[in-house]
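Inside the fold
So you can see what is in the structure, the chains are spelled out below.
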Amino acid sequence: MPVGAIGALIAALAARTSWKVGVAAALGVATADGLFAVVAVLGGAALAGVIEPISGPLRWTAAVVLLALAAKTATDALQRRGVAATARKEDGRMSRPLGAYFALLGLTMLNPATIVYFGALVMGRRADDGLSASAEAVWVTSAFVASASWQLLIAGGGTLLGKVLTSPAGRLWTALSSSAVIAVLAVLLVFP
């Protein structure tokens, strides 16, 4: 599993806030992946053709949202430099588990490549194996569990990183470097 902009965002959130926020963000991503898996099982190949013409604007929207998040994180970190603030005040709604869950769910749902990917997998397996409804349900559950376990691993790594880098300088470095990574990955989303 590669770490993209969403993974970097999960790690940064967990590092700056808490394990609970990282877990909520990770489960938001896994929920989106699970929903994409359900959609793919129900008609992924047909939907891939519908989504393809609008994949460009969806990619641009995702990139703009990620760039805005990267800029806000960097700006907030620079403004806080030398100021002792709690993590909840630092990150607003995304510093709370429910806010992180819905923010990452929404960001992940903006990725049209995911539905195309899941659709291709389901159609390829159906042609080879003649999947039954129960096999498709197992596949959807497996997709969710695999995504959740990977995203939770990223959140755990971010939490450990946050514990190591708890000084004001460490927190500033974490925020600025994660902002840079998110910005680069957002640009690569549009210009591969």
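Residues numbered from 1 in each chain as written. Predicted model: local features only at pLDDT ≥ 70, side-chain atom pairs only at ≥ 80, totals over all residues. Heavy atoms only, no water.

An unreviewed UniProt entry annotates the protein as LysE family translocator of Dactylosporangium fulvum. Turning to the protein, the UniProt record has this under Subcellular location (unreviewed entry): "Cell membrane". (UniProt positions renumbered as here; feature names shortened; annotations may be inferred.)

1. Examining the overall build of the protein
Within the protein, the regular secondary structure consists of eight helices and zero strands. Reading the protein from its N end, one meets helices and strands in the order α-α-α-α-α-α-α-α. Within the protein, the proportion of its 192 residues that are buried is 43%. Here the protein has roughly 9700 Å² of accessible surface; of this, 72% comes from carbon and sulfur atoms. (Helix = DSSP H or I, 4+ residues; strand = E, 2+ residues; numbered from the N terminus. Buried < 20%, exposed > 50% of the residue type's maximum accessible area, 1.4 Å probe, protein only. Areas by Shrake-Rupley, 256 points an atom, 1.4 Å probe, with all protein chains shown as cover.)

2. Overview of helix α5 (residues 97–109)
Compared with an ideal rise of 1.5 Å per residue, which puts 13 residues at 18 Å, α5 spans 18 Å between its outermost C-alpha atoms and is within 8% of the ideal. Taken together, the buried positions of α5 are occupied by Ala-100, Leu-104, Leu-105, Leu-107 and Thr-108. On an axial view of α5, the arc spanned by its buried residues comes to 170°, and they lie on one face. Residues of α5 that are exposed and point over 90 degrees away from its buried face: Leu-98 and Phe-102. (Expected span 1.5 Å × (residues − 1). Arc of directions from axis to C-beta.)

3. Looking at the UniProt feature "transmembrane region" (unreviewed entry) in the protein
UniProt's feature table lists "transmembrane region" (unreviewed entry) at residues 98–118, 138–160 and 172–191, given in the numbering used throughout. In residues 138–160, helix accounts for 100% and strand for 0%; the two terminal C-alpha atoms are 33 Å from one another. A distance of 28 Å separates the end C-alpha atoms of residues 172–191, which is 95% helix and 0% strand.

4. So, the nonpolar core
Counting residues in hydrophobic clusters, the biggest one holds 26 residues, and the most contacted among them are Ile-6, Leu-9, Ile-10, Leu-13, Leu-66, Leu-104 and Leu-107. Looking at this core, the elements with two or more residues in it are α1 (5–16), α2 (19–51), α3 (55–80), α5, α7 (133–164) and α8 (168–190). Top contributing element to this core by residue count: α1, with seven residues. When sequence neighbours within four positions are dropped, the list of residues in contact with Ile-10 reads Gly-22, Ala-25, Ala-26, Val-29, Leu-104, Gln-151, Ile-154 and Ala-155. Counting residues in hydrophobic clusters, the runner-up holds five residues, among them Val-41, Trp-139, Val-140 and Ala-143. (Core = buried A, V, L, I, M, F, W, Y, C linked by side-chain atoms within 4.5 Å. Contact = heavy atoms within 4.5 Å.)

5. Side note on the packing of aromatic side chains
Applying the stated criterion to the full structure yields two aromatic pairs. With centroids separated by 5.1 Å and ring planes inclined at 85°, the aromatic side chains of Tyr-101 and Phe-102 adopt a geometry described as edge-to-face. Using a relative accessible area of 21% as the deciding quantity, one classes Tyr-101 as partly exposed. Judged by its relative accessible area of 51%, Phe-102 is exposed. (Phe/Tyr/Trp six-rings, centres within 6.5 Å; stacked < 30°, edge-to-face > 60°.)

6. Things to note about the packing of α1 against α7
Their axes nearest at 7 Å, the elements α1 and α7 cross at an angle of 40°. Of the possible angle classes, the one that applies to α1 and α7 is oblique. Classified by chirality, the crossing of α7 by α1 is right-handed. Counted together, Gly-7, Ile-10, Ala-11, Ala-14 and Ala-15 of α1 and Gln-151, Ile-154, Ala-155, Gly-158, Thr-159 and Gly-162 of α7 form the full contact between these two elements. The residue makeup of the contact of α1 with α7, split by class, is six nonpolar, five polar and no charged. (Axes fitted to C-alpha atoms, helices over the stretch in contact; angles between N-to-C directions. Parallel < 35°, antiparallel > 145°, perpendicular 65-115°, else oblique. Left-handed = near helix turned anticlockwise from the far one by under 90°. Nonpolar A, V, L, I, M, F, W, Y, C, P; charged D, E, K, R; others polar.)

7. Quick word on the side chain of Gln-151
On the secondary structure map, Gln-151 appears in helix α7. When its relative accessible area of 8% is taken as the criterion, Gln-151 is described as buried. Sequence-distant contacts of Gln-151, defined by excluding residues within four places in its chain, comprise Ile-10, Ala-26 and Val-29.

8. A closer look at the side chain of Thr-159
Locating Thr-159 in the fold gives a position in helix α7. Contact partners of Thr-159, with chain neighbours within four places excluded, come to Ala-14, Ala-15, Ser-18 and Trp-19.

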